[in-house]
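Residues per chain are reported as follows:
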Amino acid sequence: MGKVRVLLIGAAFSADLHAEGYARCGDIAELVAICDKDTSRIKTLADRYGFKDYAVYDDMFKAIEEVDCDVVDICLPNFLHHDAALAAFKKGRHVISEKPLATTVEDAKEMLDAAEAAGKKLYYAEDWLFAPALNRALEVIDEGAIGKPMFVRARECHNGSHSPFAQTIKFCGGGSMVHLGVHPVCFMLALKNNRWTEVVAMTSGGGESNLRHKTMEGEDWGAALMRFEDGTTALLEANYVSEGGMEDVIDFYGDQGCLHVDLTFSSALNLFSIPGAKYTVEKADITTGWSRPAVDEKFNLGYVNEIRHFMESARDNKDAKVGLRGVDGYEAIRVINLIYKSAREGVAVKNDKL
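What counts and what doesn't
Residues numbered from 1 in each chain as written. Predicted model: local features only at pLDDT ≥ 70, side-chain atom pairs only at ≥ 80, totals over all residues. Heavy atoms only, no water. Salt bridge = Lys/Arg side-chain N within 4 Å of Asp/Glu carboxyl O. Buried < 20%, exposed > 50% of the residue type's maximum accessible area, 1.4 Å probe, protein only. Helix = DSSP H or I, 4+ residues; strand = E, 2+ residues; numbered from the N terminus. Core = buried A, V, L, I, M, F, W, Y, C linked by side-chain atoms within 4.5 Å. Pairing = 2+ DSSP bridges. Axes fitted to C-alpha atoms, helices over the stretch in contact; angles between N-to-C directions.

This paragraph deals with the pattern of salt bridges. The tally for this structure, following the rule as stated, stands at 26 salt bridges. Notably, a salt bridge pairs Glu-143 with Arg-136, separated by 3.6 Å at the nearest N-O pair. What makes Glu-143 exposed here is its relative accessible area of 57%. Glu-331 serves as the salt-bridge partner of Arg-334, at 2.9 Å between the closest nitrogen and oxygen. Taken as a pair, Arg-334 and Glu-331 lie in helix α11 (residues 326–345) at a separation of three residues, close to a single helical turn. Arg-334 gets classed as buried once you look at its relative accessible area, which sits at 7%. One network of salt bridges, with partners in common, ties together Arg-5, Asp-68 and Asp-70.

Given below as C-alpha cells:
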C-alpha cells in the first residue's frame, strides 16, 4: 500500500504531541483530515507543522463517516475515546487512542471487542516505551550491568492538569493516577508482559481530602506497590503537587547496581536567565533563574518514534509491540481501577486474571 492515511481527531495538547510524529514520518504517513470543534485550533496546529491539503471538520462523527483514511487517531478528552473508537471501528478503520484508553474498564472492553469484530487494530499511545533514555536503560539492564533487577521506582508528577475535564471523574476516570500514573503503570506492565500478582495503594482521596487541589474530584496524590510474577516489585507514584515542571523519573535497583533515569530534566543545557526563557520544560510555570531547557522534548519523551511505530504497524496490518496494543491499554485502566479499590478499601488486591 501507499502512505498510511490518517484522520486526526483533536487539535489541542495531545494532538500537538502526535502532530510532531506525523511531521517527521511523512515518508510513510499522510494527514488527510483534522477535526476539532474549534476549527481555529486546526489551522494553528497545521501551520505549526507545515501540513497541507487536509480536510477540516468540526464534528468527529461526520469526519469519521466521510474521511477516506486508514487510521483514526483519537486525541480527545478521556471520556470521548470510547465513542470515537466505536464509530471508527464501525467504519472499518484502525484506531490510535491516547491514554488512558477509556474512563472505565467496561468502556475499554467494548473498544477491544469492537476492534476484534471489525478485524482492525486498536493501538494504545504509551510514549514512555519509545523514550530513548528508557530504552537505553533497558539495554544496560539486559547486559547485566546492575545484576538481577529486584525493584523499580517510577513516577510522573507535576503541579496540575491544564484540562477542565481533569476536574471531574465522570470526564476523566479519576485523578493524578489515571492521568499521570498511567505512564509508570503501563511501562511496568509492558516490562513484565502484564504478569502482575498483587497491588496495594494509597491516594489523597479527592476533594477536601486532597493535599492541594480541593476542587478536584479525583486524587491529587497517589502511590501503589505492585508485585510481579517474577518476584520483582515496583513503587509507582503520580501527583499534582510537584512544582517546577513535569518529573518523569524511573529508578532501577538490582543486586549488583542501580540505574537512574530522568526523562524530563536531563537536558544538556543549563540556563541562568534574569528575564526568563520562552519555554524550558513541560509544566514549568516560571523560566527565570536556573533551568534545564528541554532539547527535542517530543522525541526524547517517545512521541515521535511512537507515531512511526503505529504507522508501520497499520501499514502492515500488524499488532503494535507489547505495551502499545489495545489489550495493554485495557490492562492499564483495569490496574488503575484496582489501585483505586485498594486505596478506598485499604486492602491488597490480587490479580484474578493470572
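That shown, we press on.
Counting 106 residues, the largest nonpolar core has Leu-7, Tyr-22, Leu-134, Phe-187, Ile-250, Phe-252 and Met-311 as its most contacted members. Looking at this core element by element, the count peaks at ten residues for helix α8 (residues 176–191).

Another aspect to go through is the sheet that holds strand β5 (residues 94–97). Within the open sheet, the six strands sit side by side as β3-β2-β1-β4-β5-β6. Their pairing is parallel. Each edge of the sheet is formed by a strand with only one pairing partner; in this case those strands are β3 (55–57) and β6 (122–124). Here the strands of the sheet are splayed against their neighbours by 25° on average, with no regard to which way each runs. As paired elements, strand β2 (residues 29–35) and β3 share three bridges and run parallel to each other.

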